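Below are the chains, spelled out letter by letter.
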Amino acid sequence: MRVVKADDYQTWFIEDNGFGILIDPWLDKKLNPNSSILLQRERRESSSLSQDELDRVEVVIITAPFIDHLHIPSIKKLHNKVKIITTKKVKKILIKNKIDNEIICINNQTMEVGPLKMSTFPAGFPYSLSAFCFFLENDMGKTIFHEGHKANFHTLKKLKKKCDVVLITLDSVKFLGIITLSMSSKDGFRTASLLDSKRIMATGTKPNEIKGLIKYFLSTKQEDELTDNKFDVYTKKGDEVLL
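Quick summary incoming for the structure in this document. Computed from a prediction, not measured in an experiment: that's the story for all the values here. Counting starts from 1 at the beginning of each chain's written sequence and moves along it residue by residue. In keeping with the predicted nature of the model, local features appear solely for residues at pLDDT of at least 70, side-chain atom pairs appear and are counted solely at 80 or more, and the whole-chain, interface and lining totals rest on all residues. As a convention, hydrogens and water are excluded, and side-chain values are obtained from all of the structure's heavy atoms.

## Structural notes on the packing of aromatic side chains
Two rings from Phe, Tyr or Trp (for Trp, the six-membered ring) form a pair when their centres are within 6.5 Å of each other. A pair whose planes differ by under 30 degrees is stacked, one over 60 is edge-to-face, and the rest are tilted. Under the definition given, this model contains seven aromatic pairs. Arranged with centres 6.2 Å apart and planes meeting at 50 degrees, the rings of Phe132 and Phe134 form a pair that is tilted. Residue exposure (1.4 Å probe, protein chains only): buried if accessible area is under 20% of the type maximum, exposed if over 50%, otherwise partly exposed. For Phe134, a relative accessible area of 0% puts it in the buried group. When the centroid spacing of 4.8 Å and the interplanar angle of 40 degrees are considered together, the rings of Phe135 and Phe145 count as tilted. Here the residue Phe135 occupies a position in strand E9 (residues 132-137), and Phe145 occupies one in strand E10 (residues 143-146), the gap between them amounting to ten residues. Classification of Phe145 as buried rests on a relative accessible area of 1%. A connected cluster of aromatic rings, assembled from ring pairs, spans Phe121, Phe135 and Phe145. Consider the ring centre and the ring normal. A charge sits over the ring if Lys NZ or Arg CZ is within 6 Å of that centre and within 35 degrees of that normal. One Lys or Arg, Arg43, reaches over the ring of Trp26 and ends 3.4 Å from the middle of that ring. Going along the chain from the N terminus, every DSSP run of H or I of four or more residues is numbered as a helix, and every run of E of two or more is numbered as a strand.

## So, the environment of Glu15
Along the chain, Glu15 falls in strand E2 (residues 12-16). Along the backbone, Glu15 and Val3 are twelve residues apart, and their C-alpha atoms lie at a distance of 6.7 Å. For this analysis, a polar contact is any N or O atom pair within 3.5 Å, provided that within protein one partner can donate a hydrogen and the other can accept it, and provided that sequence-adjacent residues contribute only side-chain to side-chain pairs. A polar atom in the side chain of Glu15 sits 2.5 Å from the side chain of Arg56.

## Focus on helix H5 (residues 185-194)
Regarding H5, the residues found buried are Ser185, Gly188, Phe189, Thr191 and Ala192. When H5 is viewed along its axis, its buried side chains cluster within an angular range of 155 degrees and face the same direction. Between two residues, a contact is recorded if the distance between any of their heavy atoms is within 4.5 Å. Residues of H5 that are buried in the fold lie against E10, helix H4 (153-159), strand E11 (165-169), strand E14 (199-203) and strand E16 (232-234). One or two positions beyond H5, positive phi appears at Asp196, with a value near 55 degrees. Of all possible arcs, the one meant is that of the directions from the helix axis to the C-beta atoms.

## Comments concerning the side chain of Asp8
Following the sequence through the fold, Asp8 ends up in the loop between strand E1 (2-5) and E2. Asp8 gets classed as buried once you look at its relative accessible area, which sits at 13%. Excluding its chain neighbours within four sequence positions, the residues that come into contact with Asp8 are Arg41, Arg43, Thr205, Lys206, Glu209 and Lys237.

So far we have only geometry, and geometry alone does not tell us how the molecule works.
Below, the structure is given as structure tokens:
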């Protein structure tokens, strides 16, 4: 299994036996396709993925209904034969935007996603009702965990699962300085420890690059150089791990 940090934010490319999966794809230089005083993020390069890699994508996983996870212009760039796995809420938004790809809604059952098995669980507060985290496991038992916001520690303790790599937030973001939207490195390391993973790939990186009025309501602590003797930490666009 190949895991690639596909951009400088939170797009991921997973490949196993030639079967490609995109997670929360943002494939443009501008996050908000319209001029917006509320929320915007821009960059020089759209992603680190080649056209050949994009052509191998057979499934897209959308974990939340927010524009930085559910990016309609990026979905429209993909072939309409690509299947989308997401929530019922996101499905309604996709249909409203005339996305005609096959949409599969998550449930409490383990799903087969090509050669992989996927199990989903609610994200941590305050995203429990709007977003989900998940595990992907291949036939060799190699497992990844993805959580785009805040881990639900209670759930992870009960599951007692072991992972080879975790895709989690490490830059703290809080709304009004109170409500945690993205984990700090301390909570990220705790998440990796609960899943017995020695490798961490950071998602939701560089939150300070968010622009617009929303920034006045957010307090961020961006940690550009993360080191810990217990973990191998990957934070840069194009970083990849082979399992």
